[in-house]
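A look at the structure
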Amino acid sequence: EKQILEACGFSPSDNLLGVDLEKAKRDIIKKYPYISDVTFKRVLPSTLIITVTEDAPSYCAEIYGDYFLLSEDLRIISKHDIYEDIIVLDMPVIYLKLPLIERAVQGETIVFDKSSNYSHLIDFLSEMREQEIYGRTECIDASDRYHLVLYTDGSRYKVDIGTSDNLDTKLKFVKKVIETEF
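Notes on the structure in this doc start here. Please read all numbers here as calculations on a predicted model, not as lab measurements.

Turning to the sheet that holds strand β6 (residues 94-97), a few remarks are in order. Ordered in space as β5-β4-β3-β6-β9-β10-β11, the seven strands form an open sheet in which the pairing is mixed. If you trace the sheet from one side to the other, it starts and ends with β5 (76-80) and β11 (157-162), each paired once. Strand-to-strand twist in this sheet, taken as the mean axis angle between neighbours without regard to direction, amounts to 25°. As paired elements, strand β9 (residues 137-141) and strand β10 (residues 148-152) share four bridges and run antiparallel to each other. When the bridges of β10 are listed, T137 appears paired with T152. The strands touched by helix α5 (residues 167-180) are β10 and β11; relative to β11, the strand with the most contacts, the crossing angle is about 160°.

Here the focus is helix α2 (residues 21-31). For α2, the full list of buried residues reads L21, A24, I28 and I29. All buried residues of α2 fall inside an arc of 125° around its axis, so they share one side. Those residues of α2 that are exposed and aimed more than 90 degrees away from the buried face are R26 and K30. At its buried positions, α2 is contacted by α1 (2-8), β1 (35-43) and β2 (47-54).

Under the criterion given, the structure shown has 10 salt bridges. For D55, the salt bridge identified is with R75, shortest N-O distance 2.9 Å. Placement of D55 in the loop between β2 and β3 (59-63) and of R75 in the loop between β4 (66-70) and β5 is noted, with a sequence separation of 20 residues between them. We note a salt bridge from R103 to E108, for which the minimum N-O separation is 3.1 Å. Judged by its relative accessible area of 34%, E108 falls in the partly exposed class. Salt bridges sharing common partners tie together E132, K175 and E179.

Cut-offs used in this document
Residues numbered from 1 in each chain as written. Predicted model: local features only at pLDDT ≥ 70, side-chain atom pairs only at ≥ 80, totals over all residues. Heavy atoms only, no water. Pairing = 2+ DSSP bridges. Helix = DSSP H or I, 4+ residues; strand = E, 2+ residues; numbered from the N terminus. Axes fitted to C-alpha atoms, helices over the stretch in contact; angles between N-to-C directions. Contact = heavy atoms within 4.5 Å. Buried < 20%, exposed > 50% of the residue type's maximum accessible area, 1.4 Å probe, protein only. Arc of directions from axis to C-beta. Salt bridge = Lys/Arg side-chain N within 4 Å of Asp/Glu carboxyl O.

Written as structure tokens, this is what we have:
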């Protein structure tokens, strides 16, 4: 609580009507990248309610030698020098192998060298989350959008998806094959 109030950049004695809440929101998110949203509610005459929403890590990825925890929308939550730092956190994250990255800044969404890669990957991951096999997936190799690969069940299975076309049908088939184990 104290850290959030300090990051706001104003003091309790400031006039609530003169406070730039948009700037305060930007300052908080910049200082604490794991925070995805901040809302303010003024209760006049002298109360300000601050609500903070944290991002939960969904993925981890190596980008140019550093390791990053990523949110569902591929916003960088935190940066780590070695992969073991992420393993120690013991979070249920999926390792992503990503296409070429143009920019990776903590607190911001990853920018790919081809802008279409972002929307394609987000659509693919969103569709994956709806599938039962998603919870059993440890790694997704999305470095080539035309050759997607999943590693599931403790990397026991390598599943070549190909493109994300007909993903629902492909994953239902994969699930059935894994259940019957050939």
